[in-house]
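Chain by chain, the residues:
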Amino acid sequence: MSNLPLIILSLCLACATSEPVLRYSLSSCNSLTPVHVNENWQYPGGGDDMMDMDTDMVLFQSPTKSRDKSPPYNIHIEFSQYRRNREYTIRLETFEYYDSFLLQARGQEQADGNATLVGWFVTIPQIGKDLHCLGKRKSSVVDKGRPIRLGNLTFTWRAPPTDYGPIKFVASIVSGDEYTVVETEEVTFNTFPVSIRGCGREMSCFRACSTSPTCDPEESYFMVVMYLSGDKKEVVISLGGVVEDETKFIAIGFGDNKQNLENMDMSACYKQGQNI
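Residues numbered from 1 in each chain as written. Predicted model: local features only at pLDDT ≥ 70, side-chain atom pairs only at ≥ 80, totals over all residues. Heavy atoms only, no water.

Draft legend 1. Looking closely at the state of the cysteines. Under the criterion given, the structure shown has two disulfides. Paired by a disulfide, C29 and C133 hold their sulfur atoms 2.0 Å apart. Judged by the sign of its S-S torsion, about -70 degrees, the cystine formed by C29 and C133 is left-handed. A residue pair is termed long-range when its members are at least 10 positions apart, and C29 in the loop between strand 1 (20-23) and strand 2 (35-38) and C133 in the loop between strand 10 (128-131) and strand 11 (140-143) qualify at 104 residues. (Disulfide = S-S within 2.5 Å. Helix = DSSP H or I, 4+ residues; strand = E, 2+ residues; numbered from the N terminus.)

Draft legend 2. Structural context of the environment of F155. With respect to the helices and strands, F155 occurs in strand 12 (residues 153-158). It is 8.2 Å that separates the C-alpha atoms of F155 and L92, two residues lying 63 residues apart in sequence. Not counting chain neighbours up to four residues away, the residues in contact with F155 comprise Y88, T89, I90, L92, F101, L103, F121, T123, I124, P125 and V141. (Contact = heavy atoms within 4.5 Å.)

Draft legend 3. Main features of the side chain of S229. Tracing the backbone through its elements, the reader meets S229 in the loop between strand 17 (220-228) and strand 18 (235-241). A residue is classified by how much of its surface remains accessible, and S229, at 11% relative accessible area, is buried. Side chain to side chain, S229 and D231 meet in a polar contact 2.6 Å long. Beyond its immediate sequence surroundings of up to four residues, S229 is in contact with E234 and V236. (Buried < 20%, exposed > 50% of the residue type's maximum accessible area, 1.4 Å probe, protein only. Polar contact = N/O pair within 3.5 Å; in protein donor to acceptor, adjacent residues only side chain to side chain.)

Draft legend 4. Summary view of the nonpolar core. Judged by nonpolar contacts, the single largest core of 28 residues is most densely connected at I90, L92, F101, F155, W157 and F169. Only strand 5 (73-76), strand 7 (87-94), strand 8 (100-106), strand 12 and strand 13 (168-175) provide two or more residues apiece to this core. Here F101 is in contact with Y24, L92, V141, V142, D143, L150, L153, F155, S172 and I173, once residues within four sequence places are set aside. Membership of the second largest hydrophobic core comes to 13 residues, among which are L32, L102, L117 and V170. (Core = buried A, V, L, I, M, F, W, Y, C linked by side-chain atoms within 4.5 Å.)

Draft legend 5. Structural context of the packing of aromatic side chains. One pass over the full model with this rule turns up 10 aromatic pairs. A centroid spacing of 6.2 Å and a plane angle of 45 degrees characterise the contact between F206 and F222, whose relative ring orientation is tilted. Remark: F222 occurs in strand 17 and F206 occurs in strand 16 (residues 203-209); sequence separation between them is 16 residues. Looking at F206, the relative accessible area reads 46%, which means it is partly exposed. Site record: aromatic cluster; members linked through ring pairs are F79, Y82, Y88, W157, F169 and F189. (Phe/Tyr/Trp six-rings, centres within 6.5 Å; stacked < 30°, edge-to-face > 60°.)

Draft legend 6. Just the pattern of salt bridges, in detail. Taken as a whole and judged by the stated rule, the model has six salt bridges. A salt bridge links D99 to R149, with the shortest nitrogen-to-oxygen separation between them at 2.8 Å. Placement of the pair is D99 in the loop between strand 7 and strand 8 and R149 in the loop between strand 11 and strand 12, with a sequence separation of 50 residues. Given the relative accessible area of 47%, R149 is considered partly exposed. Between E202 and R201 there is a salt bridge; the shortest N-O distance is 3.9 Å. According to the relative accessible area criterion, E202 is exposed, its value standing at 56%. Given a relative accessible area of 64%, R201 falls into the exposed group. (Salt bridge = Lys/Arg side-chain N within 4 Å of Asp/Glu carboxyl O.)

So this is what it looks like as structure tokens:
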């Protein structure tokens, strides 16, 4: 019985101390590099608070970036283009468990070297939390720092209302004392639905709605926008819509036979296999 207090003391000392681990914070937003933190799980259920390690210790324990050319992690997407205000499913897949992650959608790097973060995450796993990187709300997702191993995770990302050009989804993943950065192929911007800013003033617009007489551009079945070029010498026409299968098409014709629509020059969008 005399040894019991010593055993309890040893257990409490073990639960009150913690080893430094790699996690992601606001300082990781640009570099994708995790930082060493102390996590204290002496209370039931743990907590989300993290404290940066002493600066001197961090200098001697800089995070190591993995050189594995075939990492066990992958960002899976089923789209090659993104459209304004649309929502897309992003899956972080792995065949090995890992400890921590940071996920972002990135556009072209800015002139000052800072990352361009695109869109925001609307649904995230329960183990995740939003990180408001570079002043943009919900632009990044990290784990909550729970002492568990992580696996496959699913997210919903919403595209912005403006054109950011080609983007990539990028993830930084920690396993042990190393981190790995993985990314998707470029996802290009699809101009449909085109912007209707200036309709009725600088340009003429027509859109067909399937639900009501009027609708937002992203809810239209097809639409066409016409406006003068900058030098006023040409008419620019943007045509777009939903082509569901090879029996459907979207077309615009030019001619002077309004009654029979004969002898017209036409431009059409149609689907052939997986190509438009």
